[in-house]
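Here is what each chain is made of, one letter per residue.
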Amino acid sequence: MSTKPRPVYTNVHVFTDLPGYRLPVAGFVSILHRISGLLLFLLLPFIVWLFDTSVTSEISFEVFRSAFEAGIGFVPAVLVKLAVLALIWAYLHHFLAGMRHLWMDATHSVSKEQGRSSAVVVLTLSLLLTALLGAKLFGLY
């Protein structure tokens, strides 16, 4: 019985092969799922401030509303809206990708094609819903 020698991998090969590697759609959705979760976690103080300011009283709600019209301190309103738009995308993508994972876990019927098609659905829905809510946020309708 002969044993083959173990292959030797160096870090040089890892980095030279990266440009030729194509990440599948499901892998892209998985990475975005992690990024959206991290974004939601990092912006949690901003989310809590938005919620607290919007529901405390009528006066604080006006402060909440003015943040979208005049900004917050030295931060212009457009940056506040962009931060909220990032939160909208992060929530929608994280929720939809999480539902995709729950569905795959519950049905135990995972194939390469199902993974690809469900990943495309998650990407499409999250971007479409973000565009619709972003248009509302920026006053387009």
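The notes below deal with the structure included here. As the structure is a computational prediction, the values presented were derived from the model and not from experiment. (Residues numbered from 1 in each chain as written. Predicted model: local features only at pLDDT ≥ 70, side-chain atom pairs only at ≥ 80, totals over all residues. Heavy atoms only, no water.)

**Focus: the overall build of the protein**
Assigned secondary structure in the protein consists of six helices and zero strands. Taken over the C-alpha trace, the protein has a radius of gyration of 22 Å; the compact-globule value for 141 residues is 14 Å, which it surpasses by more than 25%. Principal axes of the C-alpha set define a box for the protein whose edges measure 80 × 40 × 25 Å. Carbon and sulfur atoms form 71% of the exposed surface of the protein, whose accessible area is close to 10,500 Å². Taking the average location of the 10 positive side-chain charges in the protein and that of its 7 negative ones, the two points are 17 Å from each other. (Helix = DSSP H or I, 4+ residues; strand = E, 2+ residues; numbered from the N terminus. Rg over C-alpha atoms; globule rule 2.2 N^0.38 Å. Areas by Shrake-Rupley, 256 points an atom, 1.4 Å probe, with all protein chains shown as cover. Lys, Arg positive; Asp, Glu negative; His and termini not counted. Charge placed at Lys NZ, Arg CZ, Asp CG, Glu CD.)

**Quick notes on the packing of aromatic side chains**
Taken as a whole and judged by the stated rule, the model has four aromatic pairs. Between Tyr-91 and Phe-95 the ring centres are 5.9 Å apart and the planes differ by 20°, which places this aromatic pair in the stacked class. Pair noted here: Tyr-91 and Phe-95 are both in helix 5 (residues 77–107), with a separation of four residues, about one helical turn. Judged by its relative accessible area of 47%, Tyr-91 is partly exposed. Residue classification places Phe-95 among the partly exposed positions, given a relative accessible area of 42%. Within the aromatic cluster, the residues linked to one another by ring pairs are Phe-61, Phe-64 and Phe-68. (Phe/Tyr/Trp six-rings, centres within 6.5 Å; stacked < 30°, edge-to-face > 60°. Buried < 20%, exposed > 50% of the residue type's maximum accessible area, 1.4 Å probe, protein only.)

**Structural notes on helix 5**
Its 31 residues give helix 5 an end-to-end C-alpha distance of 45 Å, which sits within 8% of 45 Å, the value for a rise of 1.5 Å per residue. Just downstream of helix 5, His-108 is the residue with a positive phi angle, here 55°. (Expected span 1.5 Å × (residues − 1).)

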